[in-house]
Amino acid sequence: MRAFNYVAAGDIQQAVRLLAEHGSEAKILAGGTDLLADLKSSPHPPRMVIDISRTQGLGGIEVTDKGLRIGALVTHTEIMKSSVIQEHFPALVDAAHTIGAVQTRNLGTLGGNLVTAVPSMDSGPTLMALDAWVVLAGNSGNRQMPLTEFFKGPRRTALKPDELLMEIVIPAENIGKPVNFLKSGLRKGQALALVNAAGSLWLDAKGRIREPRIALGAVAPTVIRAPNAEKCLAGQVPTPEIMVEAGKIAAEECKPITDFRASATYRKEIVEVLVKRVLMHAHAQALKK
Amino acid sequence: MDIRLTVNGSQHALSVPPETTLLGLLRNQLGHTGAKLGCDVGDCGACTVIVDGKPVNACLMLAGQADGREILTIEGLASREQLHPIQRAFEEHASLQCGFCGPGVILSAKALLDENPDPSRQEVRDGLAGNLCRCTGYTKMIDAVLHAARVMRNETDHSGAKVEG
Ligand SMILES: Cc1cc2nc3c(=O)[nH]c(=O)nc-3n(C[C@H](O)[C@H](O)[C@H](O)COP(=O)(O)OP(=O)(O)OC[C@H]3O[C@@H](n4cnc5c(N)ncnc54)[C@H](O)[C@@H]3O)c2cc1C
Ligand code: FES
Ligand code: FES
């Protein structure tokens, strides 16, 4: 690895001050599972690494009046073990469990996964299907935005150079919303998603679908929603046929690429199947409530 | 930068350049070469060590992030008198061939059994999913971990015979 300077930031203020001071020369280090590989291979490594792995105020999982708050530094292992998340969102546990292997999940953080912003990220779809938003901390204060606006492209987010991702919030009205996540990879362990998908829905008093959400990974430059598929579900009686139909529409609205892992055509077929299945699982959960 | 950490129960204070990984520190500064440098990007698990009770890839951790922490490497597992039950089970089941992956696999197994003393076969597979082995095909490793778990729960001895109680 090339030489760089290293500072461990004690608190959020110090971290954002350092970011402002060093600009594009600086990089944030959380769990390091993405950054260290980059530092080792990049021809232009940063001059300054700002370690936030022990920075105060960035951890913790709790229910507040705004919703379920997950600190950016929460690791995938912590998500899997959190009793609050197990109770309200087993799909987040399932998604975390598919990330890498134990060693990666012990270091890798939710914040790092979202900021790296690769289209195949496994934490994005479930959060997006729950209308999650992110809170960013900067020198001029905090701001927040929906996850859909945070992702700007492959490896690009709305973060300004002097900002860091502080926390992720699932809005209070969606706590306990039935949601399911599925991933298709080439192997079970240590495999990036060929496609991943999450679906959430409520049932209204008459048993019809309310606020359906479908989010897809690895089939567009960022994790995306499938708005046309959602429209076809809203207000409908939740039949297997309508879920199959939603899968077909979702496959039409995504734009996967062909690469060495899978062809675009294959990915669309998987989208069709995963969307149908996540909707069926979310519906089954809704019936149990 | 200055770093203090505990490795296998001994405290160390040392000074290393910031770009040093925990793996580099262990191997080059402290001479603990049990953790291996395989892929260097988190894929193979040959560099697995246990930090504050959790298995991590030492190639993906900066030495600075290990400051103040407690590290267990394969060198800290056996005592002069005897092997750790997992090591012994690996020996008896002939679970390793070339052995390169061994330190990482055994530490992943130790972390798993510390947390879950009675894992299912599937849970053992999941616990070892981050450790690649080019020789063995994993079956005998999984057998050994399940056997070691029974030994550690005092349900059997190393020969596999049931402990009379
Ligand atoms: C072997 C292996 C397997 C993997 N498998 C998967 C997988 O199956 N699915 C999957 O989704 N991912 C996978 N990953 C990717 C990775 O583990 C995750 O993306 C991880 O969550 C990144 O978090 P981190 O804390 O390690 O990030 P870091 O490496 O510390 O940081 C990643 C990037 O985000 C920035 N950053 C981190 N935190 C913040 C913050 N709070 N604010 C602003 N910027 C920040 C850093 O500057 C850096 O650019 C795998 C990685 C490895 C090594
Ligand atoms: S050398 Fe660290 S995981 Fe391969
Ligand atoms: S025994 Fe040779 S790599 Fe596992």
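Predicted model only: the values in this text are computed from it and were never measured.

Engineer: Before we go on, may I ask you to explain the overall build of chain B in this structure?
Structural biologist: Counting secondary structure elements, chain B contains five helices and five strands. N-terminal to C-terminal, the α/β element order of chain B is β-β-α-β-β-β-α-α-α-α. Scaling as 2.2 N^0.38, a compact globule of 165 residues should have a C-alpha radius of gyration of about 15 Å, and chain B matches this with 16 Å. Oriented by its inertia axes, the alpha-carbon framework of chain B measures out at about 55 × 30 × 25 Å. Burial status across chain B gives 50% buried among its 165 residues. Across chain B, the fraction of contacts at a sequence separation of at least 24, relative to all contacts at a separation of at least 6, is 53%. For chain B, the accessible area works out to roughly 7900 Å², and carbon and sulfur atoms hold 45% of it.

Engineer: What is the right way to look at the nonpolar core in this model?
Structural biologist: In globular proteins that are soluble, nonpolar side chains generally tend to be buried together. Judged by nonpolar contacts, the single largest core of 37 residues is most densely connected at Leu-114, Leu-127, Phe-150 and Phe-151 of chain A. Of all the elements, helix H5 (residues 90-97) of chain A adds the most residues to this core, at five residues. Looking at which domains feed residues into this core, each of domain 2 (61-174) and domain 3 (179-287) of chain A supplies at least three. Ignoring sequence-local partners within four residues, the contact set of Phe-150 of chain A consists of Leu-114, Val-115, Val-134, Leu-136, Met-145, Arg-156, Thr-157, Ala-158 and Leu-159 of chain A. Core analysis: the next-biggest nonpolar cluster, separate from the first, contains 31 residues, Leu-36 and Leu-39 of chain A together with Val-16 and Leu-26 of chain B among them.

Engineer: Even after reading the chapter, I still don't get the packing of aromatic side chains, so can you show me in this structure?
Structural biologist: In this description, an aromatic ring pair is defined by two values, namely the gap between the centres and the angle between the planes. Residues and elements named next belong to chain A. With the rule as written, the count across this model stands at one aromatic pair over all chains. Taken together, a centroid distance of 5.8 Å and an interplanar angle of 55° make the contact between Phe-150 and Phe-151 tilted. Each of the two residues, Phe-150 as well as Phe-151, counts as buried.

Engineer: Just to check I follow, could you spell out the interface of chain A and chain B for this structure?
Structural biologist: Quite often, the size of an interface is put as the accessible area lost when its parts meet. Each partner contributes to the interface: chain A provides 26 residues, whereas chain B provides 30 residues. Counting each side, the surface lost to burial between chain A and chain B is near 2200 Å², with a carbon and sulfur contribution of 55%. Where chain A touches chain B, the interface holds three salt bridges. Across the salt bridge formed by Lys-81 of chain A and Glu-115 of chain B, the nearest N and O atoms sit 2.9 Å from each other. Within the residue set of the side of chain A that touches chain B, elements represented by two or more residues are helix H2 (35-41) and helix H6 (102-107) of chain A. Examining the composition of the side of chain A that touches chain B, we find that six residues originate from one element, H6 of chain A, more than from any other.

Engineer: I would appreciate a short explanation of the pairing of strand E2 (residues 26-29) of chain A in the present structure.
Structural biologist: Remember that side chains alternate between the two faces of the sheet whenever the strand is regular. Pairing between E2 of chain A and strand E3 (residues 48-51) of chain A: four bridges, direction parallel. The partner of Ala-26 of chain A across the bridge, within E3 of chain A, is Met-48 of chain A.

Engineer: Could you clarify how one ought to interpret the site of ligand 1 in this entry?
Structural biologist: Taken together, 35 residues form the shell around ligand 1, and within it Ile-28, Gly-31, Thr-33, Leu-35 and Thr-109 of chain A come nearest. Site remark: ligand 1 is flanked by residues from chains A and B. Contact between ligand 1 and Ala-30 of chain A: an oxygen atom at 2.8 Å from a main-chain N or O atom of the residue. Residue Thr-109 of chain A places a side-chain N or O atom 2.6 Å away from an oxygen atom belonging to ligand 1. Protein chains shield 93% of the accessible area of ligand 1, which is 980 Å² for the free molecule. Considered class by class, the residues forming the shell around ligand 1 number 16 nonpolar, 14 polar and five charged.

Engineer: Is there a simple way to think about the domain arrangement of chain A in this case?
Structural biologist: Residues and elements named next belong to chain A. If you check the domain split of chain A, you get domain 1 (5-51), domain 2 (61-174) and domain 3 (179-287). A separation of 20 Å is found between the C-alpha centroids of domain 1 and domain 2. Listed as interface residues are twelve residues of domain 1 and, on the opposing side, 16 residues of domain 2. Of the roughly 970 Å² buried at the junction of domain 1 and domain 2 (both faces included), carbon and sulfur atoms supply 69%. Summed over the shared surface of domain 1 and domain 2, the number is zero salt bridges. At the junction of domain 1 with domain 2, the criterion picks out two residue pairs in polar contact (both at pLDDT 80 or more).

Engineer: Looking at this model, I keep getting lost on the side chain of His-84 of chain B. Mind explaining?
Structural biologist: Residue and element names in this part refer to chain B. With respect to the element layout, His-84 can be found in the loop between strand E5 (70-72) and helix H2 (85-92). Here the side chain of His-84 touches Ile-86 through a polar contact of 3.0 Å, landing on its backbone nitrogen. Sequence-distant contacts of His-84, that is, excluding residues within four places in its chain, are made with Leu-77, Ala-78, Lys-110 and Met-152.

Conventions we followed
Here the residue numbers are simple positions, counted from 1 along each chain's written sequence. Whichever chain is written first is A, and whichever ligand is written first is 1; the rest continue in order. Totals for whole chains, interfaces and linings use all residues, but because this is a predicted model, local features are given only for residues with pLDDT of at least 70 and pairs of side-chain atoms are given and counted only at 80 or more. Water and hydrogen atoms play no part in the side-chain values, which are based on all heavy atoms of the structure. In this description a helix means any DSSP run of H or I spanning at least four residues, a strand means any run of E spanning at least two, and both kinds are numbered starting from the N terminus. Computation of the radius of gyration draws on C-alpha atoms alone. For the globule rule, the value is 2.2 Å times the number of residues to the power 0.38. Exposed residues in this analysis have more than 50% of their type's maximum accessible area, buried residues have under 20%, and partly exposed residues fall in between, with area computed by a 1.4 Å probe over protein chains only. Note on contacts: a residue pair qualifies if any of its non-hydrogen atoms lie within 4.5 Å across the two residues. For every accessible area listed, the method is Shrake-Rupley and the probe measures 1.4 Å; residues are considered covered only by the protein chains on display. Only buried residues count toward a nonpolar core, which is a set of Ala, Val, Leu, Ile, Met, Phe, Trp, Tyr and Cys residues joined through side-chain atoms within 4.5 Å. Reported domain spans reflect what an automatic or database domain assignment gives. We call Phe, Tyr and Trp rings a pair once their centres come within 6.5 Å, taking the six-membered ring for Trp, and we label the pair stacked below 30 degrees between planes, edge-to-face above 60, and tilted otherwise. As a working definition, buried area equals the accessible area (1.4 Å probe) given up by two parts on being put together, with both sides summed. What makes a salt bridge here is a side-chain nitrogen of Lys or Arg within 4 Å of a carboxyl oxygen of Asp or Glu, nothing more. For two strands to count as paired, DSSP must find a minimum of two bridges between them. In these notes, residues near a molecule or strand are those with any non-hydrogen atom within 4 Å of it. Pairing of N or O atoms within 3.5 Å defines a polar contact, subject to two protein rules: one partner must be a possible hydrogen donor and the other a possible acceptor, and residues neighboring in sequence count only if both atoms are side-chain atoms. Any residue that is not Ala, Val, Leu, Ile, Met, Phe, Trp, Tyr, Cys, Pro, Asp, Glu, Lys or Arg is counted as polar, Gly included; the first ten are nonpolar and the last four charged.

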